[in-house]
Amino acid sequence: LEHRRMLARAVNRLTAGKFNAAIDVRLEANASETPVSDPRIGPGSVILWMPRTESASAAERAGIWVTGRTKGGAILNHAPSPAPDQDFTLLILG
């Protein structure tokens, strides 16, 4: 009976949009690649991002793309920038 309650709570959280699939990432300053490590990332994962600073928004406009998706990691490719606060929240799906 308890496992049914736990399952129901988990399903209710998912339908309310409260699933644990987001991480915060800062792009490396003066670099063109930023490695991202997370056990939820896999070869078929879709990684979406939301800029959280003005510098991150500028980086997004300059172009960001994902390569090297493997079990536990991926690479964010981006234009080099000296900005130290290129902060994003990433959503990992799949």
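The structure under discussion appears in the preceding block.
Every chain's residues receive numbers from 1 upward, in the order its sequence appears when written. Residue-level local features of this predicted model are given only where pLDDT is at least 70; pairs of side-chain atoms are given and counted only at 80 or more, and the full residue set underlies all totals for whole chains, interfaces and linings. Side-chain calculation: all heavy atoms of the structure are included, whereas hydrogens and water are not.

1. Focus on the sheet that holds strand β3 (residues 46-51)
Then comes step 1: Should DSSP find at least two bridges between two strands, the strands are regarded as paired. Per the convention used, a helix needs a DSSP run of H or I reaching at least four residues, while a strand needs a run of E reaching at least two, with both numbered from the N terminus. Reading across the sheet, the three strands line up as β1-β6-β3 and stay open at both edges, with antiparallel pairing between neighbours. Taken across any chain shown, the strands that pair with only one partner, and hence form the sheet edges, are β1 (22-26) and β3. Neighbour-to-neighbour, the strand axes of the sheet open up by a mean angle of 30°, direction not taken into account. Angular values range over 0 to 180 degrees, each being the angle between N-to-C directions of two axes fitted as lines to C-alpha atoms, with helices fitted over their stretch in contact.

2. Quick look at the pattern of salt bridges
Then comes step 1: In what follows, salt bridge is the name for a side-chain nitrogen of Lys or Arg lying within 4 Å of a carboxyl oxygen of Asp or Glu. Scanning the entire structure with this criterion turns up five salt bridges.
Then comes step 2: Between R9 and E2 there is a salt bridge whose closest N-O contact spans 3.3 Å.
Then comes step 3: A relative accessible area of 41% means that E2 is categorised as partly exposed.
Then comes step 4: One salt-bridge network, held together by shared partners, links E2, R5 and R9. Classification of residues uses two cut-offs on accessible area relative to the type maximum, computed with a 1.4 Å probe and protein chains only: under 20% is buried, over 50% is exposed, and between them is partly exposed.

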